[in-house]
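# What the coordinates show
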Amino acid sequence: MSAAMDTESTYSGYSHYSGHSKKAHRQGRDRHKSPRSKDGSRSEKSVTIQTPPAEPLLGNDASRAEEAQDDNWGETTTAITGTSEHSISQEDIARISKDLEDSVGLDCKRYLGLTVAAVLGLLVFLTPIAFILLPQILWRDDLEPCGTVCEGLFISVAFKLLILLIGTWALFFRQPKADLPRVFVFRALLLVLIFLFVFSYWLFYGVRILDSKDTNYQGIVQYAVSLVDALLFIHYLAIVLLELRQLQPMFAVKVVRSTDGESRYYSLGHLSIQRAALVVLENYYRDFTVYNPALLTASKSRAAKHMAGLKVYNVDGNNASGQSRAMIAAAARRRDSSHNELYYEEADHERRVKKRRARLVVAVEEAFTHIKRLQAEEQQKAPGEMMDPREAAQAIFPSMARALQKYLRTTRQQQYHSMESILQHLSFCITNNMTPKAFLERYLNPGPTLQYDRDRWFSKQWTLISEEAVTSGLQDGIVFVLKCLDFSLVVNVKKIPFIKLSEEFIDPKSHKFVLRLQSETSV
């Protein structure tokens, strides 16, 4: 306590401009710097990676200084470029390098699966043709004449193979949407079934036809037709297992983002856990607003400030229980008043957002009005002197840049919009004759992740965490997590309950009534 009082006396004497107070002030400043050096030595394991974005409109550092700026800030200052900083630990870097190494294995596995499927598909389509051509090549003179029946069977095989080729192309040959951690069970079973089926047909063909050199050519052709018919039925089975089985909703899943608590509900059918995770991620990029870590810094700093008020120090080691109780009581009163601080902070933030939104709307409307005047003037000029939409966007952008800059900084969206992307969007709106409201729709409210460039996403590679096997089907009560570098999605699965609907018959005669009027009633 005495050391703290001495420090206060040295700081109070600073107002008299004495030499001793200046020296004490420098000593006190050095004393306050020493804990920072200790903290710096403790954080030697962390590393900061700085990645400059492509022509950002604002820097992320400007969002911290925004709280201390008034509404008239920046009238004579222009901030166009900056850097984006993300701090990660060495463990995260090691995990990223491991993921990159694993991605090479995933690519090999994917191409190996495609190669096996392509070879098997080629074998399937060439087998019926080989069944028909081999007798004609090996023992053509010994074959019995077939005539019109075989010609009709040839036409049937040709059209069935064409239908099977188109169906196989539509069902299997698609651009892969993701790399799953495990194989798709139903697709693997279908490939095994097709292989065993074709192998058994070849085995029977080699034993009963090639070895004996069967002369009944019509029977050989019918044997090939039966193979094509069976392949068509297997293709129908593939459609049922891969496409139709999952259409009927059986489960309701709740997806919650771990950082801000944003949630959505989706209905899913009979799917495995890994395919359900893929559906959740596809809907996430479309339905969830883009993840903005800058919105979480205010709540974290406020919580840290109130937690710091609970620290009590006993400098001299004496019994200072009364002073300690007084400090704890003061910290409790400060904690009780935290809701008032939160209320006024949110009210002030909403006021500033509304004011800068109004300024932005007015500036954009004036800029688009100027565009209409420019278009009227350009119509009177020669065709070679007319401006294209890009030049028009560059001409009117400076009039709205300041208002848009300050609004994006207030709403902490500056890291998602570069100047080049804004100019492209503005030229797009000018080309399609869109209104100012259509131009501002992208900036007034945060949109889904797909609306922004891929280099602005914080979630590109995901990790599936589940207690159950990822190839097992969904069940009631299963919880799995989709984790990326900055946040995670917690998925809770609930089965849709069985609904019993009954019918109640109402007799139409029960709605009839009789109106009796008394003769004494005055009309």
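Residues numbered from 1 in each chain as written. Predicted model: local features only at pLDDT ≥ 70, side-chain atom pairs only at ≥ 80, totals over all residues. Heavy atoms only, no water.

This part covers unusual backbone geometry. For R412, which is not glycine, the phi torsion reads 60° and is therefore positive. Note on R412: relative accessible area 11%, which makes it buried. (Buried < 20%, exposed > 50% of the residue type's maximum accessible area, 1.4 Å probe, protein only.)

The next subject is the nonpolar core. By size, the foremost hydrophobic cluster in this structure holds 30 residues, and its most contacted members are F131, F197 and Y217. Contributing elements (two or more residues each) for this core: α4 (90-138), α5 (148-171), α6 (185-210) and α7 (217-244). No other element matches α7, which puts 11 residues into this core. The contact partners of F197, leaving out residues within four places of it in the chain, are L227, A230, L231 and I234. (Core = buried A, V, L, I, M, F, W, Y, C linked by side-chain atoms within 4.5 Å. Helix = DSSP H or I, 4+ residues; strand = E, 2+ residues; numbered from the N terminus. Contact = heavy atoms within 4.5 Å.)

All right, on to the confidence of the model for the protein then. Residue-level pLDDT values for the protein average 75, and 67% of them are 70 or greater. Mean pLDDT across the secondary structure elements of the protein bottoms out at strand β1 (residues 46-51), with 34, and peaks at strand β3 (residues 251-257), with 95. A low-confidence stretch, residues 1-56 stays under pLDDT 50, and its non-local contacts, those more than four residues away or across chains, total 47 contacts. Here residues 58-88 is a poorly scored stretch, pLDDT under 50, and it has 69 contacts once near neighbours within four places are set aside; other chains count. (pLDDT = per-residue confidence, 0-100.)

Turning our eyes to something else, we now look at the UniProt feature "transmembrane region" (unreviewed entry) in the protein. In this structure's numbering, the residues bearing the UniProt feature "transmembrane region" (unreviewed entry) are residues 111-133, 153-172, 184-204 and 224-244. A helix fraction of 100% and a strand fraction of 0% characterise residues 111-133, whose end C-alpha atoms lie 32 Å from each other. Taken end to end, residues 184-204 is 95% helix and 0% strand, and its first and last C-alpha atoms sit 31 Å apart. (UniProt positions renumbered as here; feature names shortened; annotations may be inferred.)

Per the stated rule, a full pass over the model turns up 10 salt bridges. The closest approach of N and O atoms between D287 and R286, which form a salt bridge, is 3.0 Å. On the basis of relative accessibility, which here comes to 25%, the residue D287 falls in the partly exposed class. The exposure class of R286 is partly exposed, given its relative accessible area of 48%. Several salt bridges converge on common partners, so that one network encompasses R257, D260, E262 and R264. (Salt bridge = Lys/Arg side-chain N within 4 Å of Asp/Glu carboxyl O.)

Quick look at the state of the cysteines now. For the coordinates displayed, the defined rule picks out 1 disulfide. Each disulfide pairs two cysteine sulfurs, and for C146 the partner residue is C150, the sulfurs being separated by 1.3 Å. Residues C146 and C150 are joined by a disulfide whose S-S torsion is about 90°; by sign, that bridge is right-handed. You can call C146 buried: its relative accessible area is 19%. Judged by its relative accessible area of 2%, C150 falls in the buried class. (Disulfide = S-S within 2.5 Å.)

Below, the discussion takes up the pairing of strand β6 (residues 479-483). Going residue by residue along β6, you find F480 and L482 tucked away on one face and V479, V481 and K483 left uncovered on the opposite face. The sheet contact formed by strand β5 (residues 463-466) and β6 spans 4 bridges and is antiparallel. By the bridge assignment, I465 is partnered in β6 with V481. If you look at the hairpin formed by β6 and strand β7 (residues 488-495), you'll find 4 residues sitting between the two strands. (Pairing = 2+ DSSP bridges.)

For the rest of this paragraph, the subject is the sheet that holds β5. Two strands in a sheet stick together by hydrogen bonds in their backbones, pointing the same way (parallel) or opposite ways (antiparallel). In space, the 5 strands of this open sheet follow the order β4-β3-β7-β6-β5, with antiparallel pairing throughout. Strand pairing shows two members of the sheet lacking a second neighbour, β4 (263-268) and β5, which therefore form its edges. Going across the sheet, the axis of each strand differs from the next one's by a mean of 25°, ignoring polarity. Bridge analysis of β3 against β7 gives 7 bridges, and the strand direction is antiparallel. Counted as the bridge partner of V253 is V493 from β7. (Axes fitted to C-alpha atoms, helices over the stretch in contact; angles between N-to-C directions.)

Now for the packing of helix α12 (residues 389-410) against helix α13 (residues 419-431). One can describe the packing of α12 onto α13 by two numbers: an axis separation of 9 Å at closest approach and a directional angle of 125°. The angle between the axes of α12 and α13 places the two elements in the oblique class. With respect to the hand of their crossing, α12 and α13 are arranged in right-handed fashion. Touching P389, R390, A392, A393, Q394, I396, F397, M400, L404 and L408 of α12 are M419, E420, I422, L423, Q424, L426, S427, I430 and T431, all from α13. Here the residues of the contact of α12 with α13 sort into 13 nonpolar, 4 polar and 2 charged. (Parallel < 35°, antiparallel > 145°, perpendicular 65-115°, else oblique. Left-handed = near helix turned anticlockwise from the far one by under 90°. Nonpolar A, V, L, I, M, F, W, Y, C, P; charged D, E, K, R; others polar.)

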